[in-house]
Amino acid sequence: NAGVTQTPKFQVLKTGQSMTLQCAQDMNHNSMYWYRQDPGMGLRLIYYSASEGTTDKGEVPNGYNVSRLNKREFSLRLESAAPSQTSVYFCASSETLGGMGQPQHFGDGTRLSIL
Amino acid sequence: SQKIEQNSEALNIQEGKTATLTCNYTNYSPAYLQWYRQDPGRGPVFLLLIRENEKEKRKERLKVTFDTTLKQSLFHITASQPADSATYLCALPAGNTGKLIFGQGTTLQVKP
């Protein structure tokens, strides 16, 4: 059982380039999330999708867009990468948008460097 | 605004001892609190959830307490092992939104 799969695992971009980070989950979860993790900052929510067909901004959405392609897949796009977006990006999923404290299941991250 | 604080300094202990990690929060009253473990190069993994009406929760060598008066949760690992070395994150709900706010995490190093 793969859980949450993220691709690619590593990526180096030049400032101004665009790219899409892919995420897929095989647990039939309704809700999916994108976080970034920076040293000393902890995990910060970029965007989330409560259910298929809906997306909402999190704490740090500027410079990013998302697509909930179907129930399994949730992608994160950087349209014009900036050095400040150098980070580790994590995708997560949960059964629903955790009102009852449902745990989130994380992928192993994409390490993104922008030069 | 809601704020979560975990000790940013690494905790170094000897194998066999009990590790205690702290999670403090301010400016709200969460209905529950979660603890996650994160190994280097990996994503966080859920460990335990404790609700506001529960004082204590146990799972094998793990024990979590939740003091809503002190606005604090303690995470204990008894009989610690080198394999317990990791970063431990606490997470609380962002109001009634269902989203989580994560602490920065505390790194635990268990020495043989």
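Above this text you will find the structure in question.
None of these values were measured; they are calculated from a predicted model. (Residues numbered from 1 in each chain as written. Chains lettered and ligands numbered in written order. Predicted model: local features only at pLDDT ≥ 70, side-chain atom pairs only at ≥ 80, totals over all residues. Heavy atoms only, no water.)

### Quick look at the overall build of chain A
- Counting its regular elements, chain A contains 0 helices and 11 strands.
- A compact globule built from 115 residues would reach a C-alpha radius of gyration of about 13 Å, and chain A, at 13 Å, matches this within 12%.
- Projected onto its principal axes, the C-alpha coordinates of chain A cover approximately 40 × 25 × 25 Å.
- Counting every position in chain A, which comprises 115 residues, the buried fraction comes to 47%. (Helix = DSSP H or I, 4+ residues; strand = E, 2+ residues; numbered from the N terminus. Rg over C-alpha atoms; globule rule 2.2 N^0.38 Å. Buried < 20%, exposed > 50% of the residue type's maximum accessible area, 1.4 Å probe, protein only.)

### Concerning the overall build of chain B
- Scanning chain B from N- to C-terminus turns up 0 helices and 11 strands.
- Element order for chain B, N to C, with α for helix and β for strand: β-β-β-β-β-β-β-β-β-β-β.
- Dimensions of chain B, computed from C-alpha atoms along their principal axes, come out at roughly 40 × 30 × 20 Å.
- Across the 112 residues of chain B, 46% fall into the buried class.
- Pairs at least 24 apart in sequence give 55% of the contacts found in chain B among residues at least 6 apart.
- Surface exposure of chain B reaches about 5700 Å², of which carbon and sulfur atoms provide 46%. (Contact = heavy atoms within 4.5 Å. Areas by Shrake-Rupley, 256 points an atom, 1.4 Å probe, with all protein chains shown as cover.)

### Quick word on the packing of aromatic side chains
Residue and element names in this part refer to chain B.
- Under the defined criterion, the tally for this structure stands at 13 aromatic pairs over all chains.
- Aromatic side chains tyrosine 25 and tyrosine 28 sit 6.0 Å apart centroid to centroid with 80° between the ring planes, which places their arrangement in the edge-to-face category.
- You can call tyrosine 28 buried: its relative accessible area is 10%. (Phe/Tyr/Trp six-rings, centres within 6.5 Å; stacked < 30°, edge-to-face > 60°.)

### Notes on the pattern of salt bridges
- This model, assessed by the stated rule, comprises 9 salt bridges over all chains.
- With a closest N to O distance of 2.9 Å, arginine 44 of chain A and aspartate 38 of chain A form a salt bridge.
- Residue aspartate 38 of chain A is classed as buried on the basis of its relative accessible area, which comes to 12%.
- Note that arginine 42 of chain B is salt-bridged to aspartate 108 of chain A, the shortest N-O span being 2.9 Å. Of this pair, arginine 42 of chain B sits in the loop between β4 (32-38) and β5 (45-51) while aspartate 108 of chain A sits in the loop between β10 (105-106) and β11 (110-114), which puts the two residues in different chains.
- You can call aspartate 108 of chain A partly exposed: its relative accessible area is 29%.
- A cluster of three or more residues bridged by salt bridges with shared partners is formed by Arg36, Asp38 and Arg44 of chain A. (Salt bridge = Lys/Arg side-chain N within 4 Å of Asp/Glu carboxyl O.)

### Some words on the interface of chain A and chain B
- Taken residue by residue, the interface counts 22 residues in chain A and 19 residues in chain B.
- Of the roughly 1600 Å² buried between chain A and chain B, counting both surfaces, carbon and sulfur atoms make up 52%.
- Our count for the chain A to chain B interface comes out at 1 salt bridge.
- Sorting the residues of the side of chain A that touches chain B by element identifies β4 (31-38) and β5 (42-49) of chain A as the ones contributing at least two each.
- The greatest single-element share of the side of chain A that touches chain B, amounting to 4 residues, is contributed by β5 of chain A.
- In terms of residue class, the side of chain A that touches chain B is made up of 10 nonpolar, 9 polar and 3 charged. (Buried area = accessible area lost by both parts, 1.4 Å probe. Nonpolar A, V, L, I, M, F, W, Y, C, P; charged D, E, K, R; others polar.)

### Re unusual backbone geometry
- Here the residue pair threonine 7 of chain A and proline 8 of chain A is connected by a cis peptide bond, since its omega of -5° sits within 30 degrees of zero.
- Tracing the chain through its elements places proline 8 of chain A in the loop between β1 (4-7) and β2 (10-13).
- In the Ramachandran plot, glutamate 60 of chain B falls in the positive-phi region, its phi being about 55° despite a non-glycine side chain.
- With respect to the helices and strands, the residue glutamate 60 of chain B is situated in the loop between β6 (56-59) and β7 (62-67).
- The exposed category is assigned to glutamate 60 of chain B, whose relative accessible area is 80%.
- One non-glycine residue, alanine 79 of chain B, lies in the positive phi region at around 45°.

What is shown is where atoms sit, not what they do.
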